Amino acid sequence: MTLSLPEHYREILVGLGEDPQREGLLDTPKRAAKAMQYLCHGYEQTLEEIVNGALFASDNDEMVIVKDIELYSLCEHHLLPFIGKAHVAYIPTGKVLGLSKIARIVDMYARRLQIQENLTRQIADAVQSVTNAAGVAVVIEAQHMCMMMRGVEKQNSTMNTSVMLGAFRESNTTRMEFLQLIGRSK
């Protein structure tokens, strides 16, 4: 017999030495299961659904940047949150992506069990595949609870990851312009 998600959480409580029948924990398994399903709802989404045809013809061939997109994800190693922001840029080649779609792409991949390195790559590859851009750049800065709450317990540590595709990888000038515009280069 397979246990339901709330039953699994009940068993975790028992395994921790708690009494799932005590007043404060009576509905915790159900609430925890519902929270986990919400935190991982990116599995239920597809890139096609997220973009929903929001590509628009444009003569713009200059860099488009959406910065400081907050993100919340769960580390696949400890199931603890990492929280940060993403900066996403692309160089259009005839079409621009609806502004909110970039943030939705970030959210879709962040709402899966994840490591930051893969998340950065997934966002860049998704924007590239949707826009067919001349280049895509993604930088993510995040704080990881698995490093802050346990293990080495370093409260002020931040992890930075980047993926540069196309023109951002090939041209130091383009890459430096992006980094300067997001405040990562002097």
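Everything here concerns the structure above.
This text gives an overview of the structure that appears in the document. Residue numbers restart at each chain and count upward from 1, following the sequence in its written direction. Owing to the predicted nature of the model, reporting of local features is limited to residues with pLDDT of at least 70; listing and counting of side-chain atom pairs is limited to 80 or more, with chain, interface and lining totals taken over all residues. The side-chain numbers reported here are obtained from all heavy atoms of the structure, hydrogens and water having been left aside.

## As for the packing of helix H1 (residues 5–15) against helix H2 (residues 28–39)
In step 1: Lines fitted to C-alpha atoms define the axes here, with helix axes fitted over just the stretch in contact, and angles between the N-to-C directions of these axes take values from 0 to 180 degrees. Numbering of helices and strands starts at the N terminus; helices are DSSP runs of H or I of at least 4 residues and strands are runs of E of at least 2. In contact at an axis separation of 8 Å, H1 and H2 are set at 120° when each is read in the N-to-C sense. Between H1 and H2, the crossing angle belongs to the class labelled oblique. When the axes of H1 and H2 are compared, the crossing they make is right-handed. Between H1, through Leu5, Pro6, Tyr9, Arg10 and Leu13, and H2, the contact on the second element is made entirely by Thr28, Pro29, Lys30, Ala32, Ala33, Met36 and Gln37.
In step 2: Any residue that is not Ala, Val, Leu, Ile, Met, Phe, Trp, Tyr, Cys, Pro, Asp, Glu, Lys or Arg is counted as polar, Gly included; the first ten are nonpolar and the last four charged. Across the contact of H1 with H2, the residue classes tally to 8 nonpolar, 2 polar and 2 charged. Comment on the angle field: the value is read as roughly parallel under 35 degrees, roughly antiparallel over 145, roughly perpendicular from 65 to 115, and oblique elsewhere. Less than a right angle of anticlockwise turn of the near helix away from the far helix marks a crossing as left-handed, whereas a clockwise turn marks it as right-handed. In this description, contact between two residues means that some pair of their heavy atoms is separated by no more than 4.5 Å.

## Side note on the pairing of strand S2 (residues 64–75)
In step 1: When DSSP finds two or more bridges between two strands, those strands count as paired. Across 9 bridges, the pairing between S2 and strand S3 (residues 81–91) is antiparallel. Within the sheet, the bridge partner assigned to Ile65 lies in S3 and is Ala89.
In step 2: The antiparallel hairpin formed by S2 and S3 contains 5 residues in its connecting segment, where Leu79 sits at a positive phi of about 60°.
In step 3: For S2 and strand S5 (residues 113–114), the ladder comprises 2 bridges, and the chain directions are parallel. Residue pairing across strands places Cys75 opposite Gln114, the latter belonging to S5.

## So, helix H5 (residues 116–131)
Because each turn of an α-helix spans 3.6 residues, side chains separated by three or four positions in sequence point in the same direction.
In step 1: One fewer than the residue count of a helix, multiplied by 1.5 Å, yields its expected span. With 16 residues, H5 should cover 22 Å at 1.5 Å per step; its first-to-last C-alpha distance of 23 Å lies within 8% of that length.
In step 2: Buried within H5 are the following residues: Gln116, Leu119, Thr120, Ile123, Ala124, Ala126, Val127, Val130 and Thr131. Along the axis of H5, the buried residues cluster in a sector spanning 160°; they form a single face.
In step 3: Looking one or two residues past H5, Asn132 carries a phi angle of roughly 55°, positive in sign. Buried residues are those whose accessible area, probed at 1.4 Å on protein chains only, stays under 20% of the maximum for their type, while exposed residues exceed 50% and partly exposed ones sit between those limits. The arc refers to the directions leading from the helix axis to the C-beta atoms.

Read these as geometric descriptors, not functional statements.
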